[in-house]
Structures are given as structure tokens and as C-alpha cells.
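What follows is each chain in one-letter form.
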Amino acid sequence: MEKNKNYFYMVWMSGDCQDELHWFTVHATRKDAMDTARSNWQVQEGWKVKYLSAKSRENHWDYWGKKTLVVHQTDDYYHGA
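Just so you know, these numbers come straight off a predicted model, no measurement behind them.

**Some words on the sheet that holds strand β2 (residues 21-27)**
Strand order in the open sheet formed by 4 strands is β2-β1-β4-β3, with mixed pairing between adjacent strands. Of all strands in the sheet, those bounded by a partner on one side alone are β2 and β3 (48-52). Averaged over neighbouring strand pairs, the angle between their axes works out to 25° when direction is ignored.

**Some details on the packing of aromatic side chains**
Counted according to the given criterion, the structure contains 1 aromatic pair. Pairing W12 with F24 gives two aromatic rings, centres 5.0 Å apart and planes at 50°, and the pair type is tilted. With W12 in strand β1 (residues 8-14) and F24 in strand β2, the pair connects residues that are 12 residues apart, well separated along the chain. Given the relative accessible area of 3%, W12 is considered buried. The class for F24 is partly exposed, based on a relative accessible area of 25%. Taking NZ or CZ as reference, R30 lies 3.7 Å from the ring centre of Y51, over its face. Across from the ring centre of Y63, 5.5 Å away, lies the NZ or CZ of K66, which sits over that ring.

**Some words on the environment of N40**
Relative to the assigned elements, N40 resides in the loop between α1 (30-38) and α2 (41-44). Residues contacting N40, with those up to four places away along its chain left out, are M13 and L69.

Rules used throughout
The written sequence of each chain sets the order in which its residues are numbered from 1. It should be noted that, the model being predicted, local features are given only for residues of pLDDT at least 70 and side-chain atom pairs only at 80 or more, the latter also being counted only at that level, while totals for whole chains, interfaces and linings use all residues. Excluding hydrogens and water, the side-chain figures rest on all heavy atoms present in the structure. Pairing between strands is defined by DSSP: at least two bridges between them are needed. Secondary structure elements follow DSSP: runs of H or I of four or more residues count as helices, runs of E of two or more count as strands, with numbering from the N terminus. Only the stretch in contact is used when a helix axis is fitted, and all axes are lines through C-alpha atoms; the angle between N-to-C directions ranges over 0 to 180 degrees. Only centres within 6.5 Å qualify two rings of Phe, Tyr or Trp (six-membered ring in Trp) as a pair; their planes then separate them into stacked at under 30 degrees, edge-to-face at over 60, and tilted for everything else. Each residue gets one of three labels from its accessible area relative to the maximum for its type: buried under 20%, exposed over 50%, partly exposed in between, using a 1.4 Å probe on protein chains only. A ring has a charge above it when a Lys NZ or an Arg CZ is no more than 6 Å from the ring centre and no more than 35 degrees off the ring normal. Any two residues whose heavy atoms approach within 4.5 Å are treated as being in contact.

Rendered as C-alpha cells:
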């Protein structure tokens, strides 16, 4: 990873449908993102937390339907409304 990049961390969570990860929160540090994911009510119901680094070839969409919250390190994301 490049040292000059400004990474942030997205915690992907499901909404009304547990098979999809639609909602996210944005955090400045990995610790904050992991703490948020681990404290989510879904983890209390048996969901897992998966961390994806910026180098990972995986995508948060790979975890749809797997009862997994995803913490994704990234430097770029666009969410159009």
C-alpha cells in the first residue's frame, strides 16, 4: 500500500434484507470500524465480521447472503443518490 494514500474504512451492514449489504458507516481508523462492526446487533445473533484490506481482491458484495458484516479499507468510493 502506498503511504501517501488517505484510506478510510467502511462497515457494510444489511438492511431489511439479510441477504444484502446495503448500509454502511465510514470511519477514519480500522479500530473504530472494527469496534463498530463487532458491536452491531447482528454479531450478537451469530453474524461474523470480515476485514478486507485495500489490497484484497475480494469485494463486500462477495459476502451477500453469508451473514457477514464487512469492514473494507479503501481510498475511493462513490455512492450516488
